[in-house]
Amino acid sequence: MAEDMSIETYLARGGVLTTPANVPPRYRAELLKLMATFVDSELAGAAGFADIINQGPGIQARIAAARIVLEKTAHADRVLRLMGEFGADTARYADHHPWTARLARDADIGQSRSQHDMRLAVFNYPLQGWADAVVMNVLMGRAVTLQLEELSHVSYQPLAEAFRTILPVETRHAELAEEGLMTLVESTGTEPLQDLVDYWWPRVAASFGQEASDKFEGLKAMGLRRTPNAELKTRWQQQATSILTKAGLAPAG
């Protein structure tokens, strides 16, 4: 970085940072929020899915589900270590935390956060059985891969590298869910699955945040975002619709 260039200008021009040293306060706050949202969502998602493992139809399905829980927890740990380098209180993650806490099935909280942590709103809703978990993970899996691809370009280089390593593993999770969906269609038909799609579609869609976010330009200037929420959501709708169509299902609405 040129000596006469401010960090803000450097970041706005596509520069990257490699250590917590000299990170501007606002950048630090937004970066920690981004990391905490990922960590808490991975831990909450893993905890919810762990309760479903033994409902899997056969040993191989249960092994795949257990591996997903393990890998999501490992992903959370990897990013949590980066948070620790910024002085975040990572010790609280060693204590008992209600990662399995969920709201009532008919709750509708939009994009609201949990009172317990920074998990995305979608991880506040309970899973009700194997088919429900598969449908949720089909839709959320595609959302996660799109969001991780976006975040793999953040201007904090160690985090971008972590997300680039995590992305192919999460992509495989999404593929496993899609394989599981096709198996379910063969065994149960589409009618019960369509009801589950109708339930999860708007809740996963909400994970992309407000379509016209006032914060986006500020985050873009810091190199923490590139693509507007509305564009990411549209891509997700297109990809998820294609997957559902192959299975004889339709998007909600």
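You'll find the structure just up there.
Worth saying up front: this structure is predicted, and the values here are computed from it rather than measured. (Residues numbered from 1 in each chain as written. Predicted model: local features only at pLDDT ≥ 70, side-chain atom pairs only at ≥ 80, totals over all residues. Heavy atoms only, no water.)

Undergrad: Sorry if this is basic, but what is going on with the overall build of the protein chain here?
TA: The helix and strand inventory of the protein chain stands at 8 helices and 0 strands. Counting helices and strands in the order they occur from the N terminus, the protein chain gives α-α-α-α-α-α-α-α. Computed over the C-alpha atoms, the radius of gyration of the protein chain is 19 Å, within 12% of the 18 Å expected from 2.2 N^0.38 for a compact globule of 253 residues. The principal-axis extents of the C-alpha atoms in the protein chain amount to approximately 65 × 40 × 30 Å. Taken across its 253 residues, the protein chain has 51% of its residues classed as buried. Sequence separation of at least 24 residues holds for 70% of the intrachain contacts in the protein chain that already meet a minimum separation of 6. (Helix = DSSP H or I, 4+ residues; strand = E, 2+ residues; numbered from the N terminus. Rg over C-alpha atoms; globule rule 2.2 N^0.38 Å. Buried < 20%, exposed > 50% of the residue type's maximum accessible area, 1.4 Å probe, protein only. Contact = heavy atoms within 4.5 Å.)

Undergrad: Where do I start with the packing of helix α2 (residues 25-50) against helix α5 (residues 157-188) in this structure?
TA: Between two packed helices, the angle of one axis relative to the other and the distance separating the axes together describe the packing. Where α2 meets α5, the closest approach of the two axes is 13 Å, and the angle between their N-to-C directions is 25 degrees. Taken together, the axes of α2 and α5 lie roughly parallel to each other. Remark: the crossing between α2 and α5 carries left-handed chirality. Only Leu159, Phe163, Ile166 and Glu170 of α5 make contact with α2, whose side of the interface consists of Leu31, Leu34, Met35, Phe38 and Glu42. Residue classes in the contact of α2 with α5 are distributed as 7 nonpolar, no polar and 2 charged. (Axes fitted to C-alpha atoms, helices over the stretch in contact; angles between N-to-C directions. Parallel < 35°, antiparallel > 145°, perpendicular 65-115°, else oblique. Left-handed = near helix turned anticlockwise from the far one by under 90°. Nonpolar A, V, L, I, M, F, W, Y, C, P; charged D, E, K, R; others polar.)

Undergrad: Quick question: what am I supposed to make of the packing of aromatic side chains here?
TA: Each pair of aromatic rings is reported with the distance of its centres and the angle of its planes. Applying the stated criterion across every chain, the model contains 9 aromatic pairs. Look at Tyr125 and Trp200: their rings are 6.4 Å apart centre to centre, the planes differ by 85 degrees, and that puts the pair in the edge-to-face class. Taken together, the residues span a long stretch of sequence, with Tyr125 in the loop between α3 (59-85) and α4 (130-151) and Trp200 in helix α6 (residues 191-205) at a distance of 75 residues. By relative accessible area, which is 3% here, Tyr125 ends up buried. Assessed through its relative accessible area of 0%, Trp200 is described here as buried. (Phe/Tyr/Trp six-rings, centres within 6.5 Å; stacked < 30°, edge-to-face > 60°.)

Undergrad: Sorry, what's going on with the side chain of Asn229 here?
TA: Counting through the fold element by element, Asn229 comes out in helix α8 (residues 229-246). Residue class for Asn229 comes out buried when judged on its relative accessible area of 11%. Here the side chain of Asn229 touches Arg225 through a polar contact of 2.8 Å, side chain to side chain. (Polar contact = N/O pair within 3.5 Å; in protein donor to acceptor, adjacent residues only side chain to side chain.)

Undergrad: I keep staring at the side chain of Ser155 and nothing clicks. Help me out?
TA: Among the structural elements, Ser155 can be located in the loop between α4 and α5. Look at Ser155 and you get buried, because its relative accessible area is 3%. In this structure, Ser155 is in contact with Leu11, Gly15, Val16, Leu17, Tyr27, Met222, Gly223 and Leu224, ignoring residues within four places of it in sequence.

Undergrad: I keep staring at unusual backbone geometry and nothing clicks. Help me out?
TA: Generally, phi is negative for residues other than glycine and the peptide bonds are trans, each holding for most cases. Even without a glycine there, the phi angle at Asn22 is positive, about 65 degrees. With respect to the element layout, Asn22 can be found in the loop between α1 (7-12) and α2.

Undergrad: How should α2 be read in this particular structure?
TA: For an α-helix, the turn length of 3.6 residues means that residues three or four places apart are oriented alike. Helix length check: α2 (26 residues) gives 37 Å between terminal C-alpha atoms against 38 Å at 1.5 Å per residue, within 8%. Burial within α2 is extensive, with 20 of its 26 residues counted as buried. (Expected span 1.5 Å × (residues − 1).)

Undergrad: Before we go on, may I ask you to explain the environment of Arg92 in this structure?
TA: By the secondary structure assignment, Arg92 is in the loop between α3 and α4. Along the backbone, Arg92 and Leu151 are 59 residues apart, and their C-alpha atoms lie at a distance of 25 Å.

Undergrad: I'm lost on the pattern of salt bridges in this one. Help?
TA: Where side chains of opposite charge bring their charged atoms close, a pairing between them can arise. One pass over the structure, following the stated rule, counts 11 salt bridges. In this structure, Lys72 engages Glu42 in a salt bridge whose closest nitrogen and oxygen atoms are separated by 3.6 Å. Residue Lys72 is found in helix α3, and its partner Glu42 is found in helix α2; the two are separated by 30 residues along the sequence. Comparing Lys72 with Glu42, the two get one shared label, buried. One salt bridge connects Arg172 with Glu179, and the closest N-O pair in it is separated by 3.2 Å. Relative accessible area serves as the criterion here: at 36%, Arg172 is assigned to the partly exposed category. (Salt bridge = Lys/Arg side-chain N within 4 Å of Asp/Glu carboxyl O.)

Undergrad: Got a minute to help me understand the environment of Glu71 in this structure?
TA: With respect to the secondary-structure elements, Glu71 resides in helix α3. With 54 residues separating them along the chain, Glu71 and Tyr125 place their C-alpha atoms 21 Å apart. Ignoring any residue separated from it by four or fewer positions in sequence, one finds Glu71 in contact with Val169 and His173.

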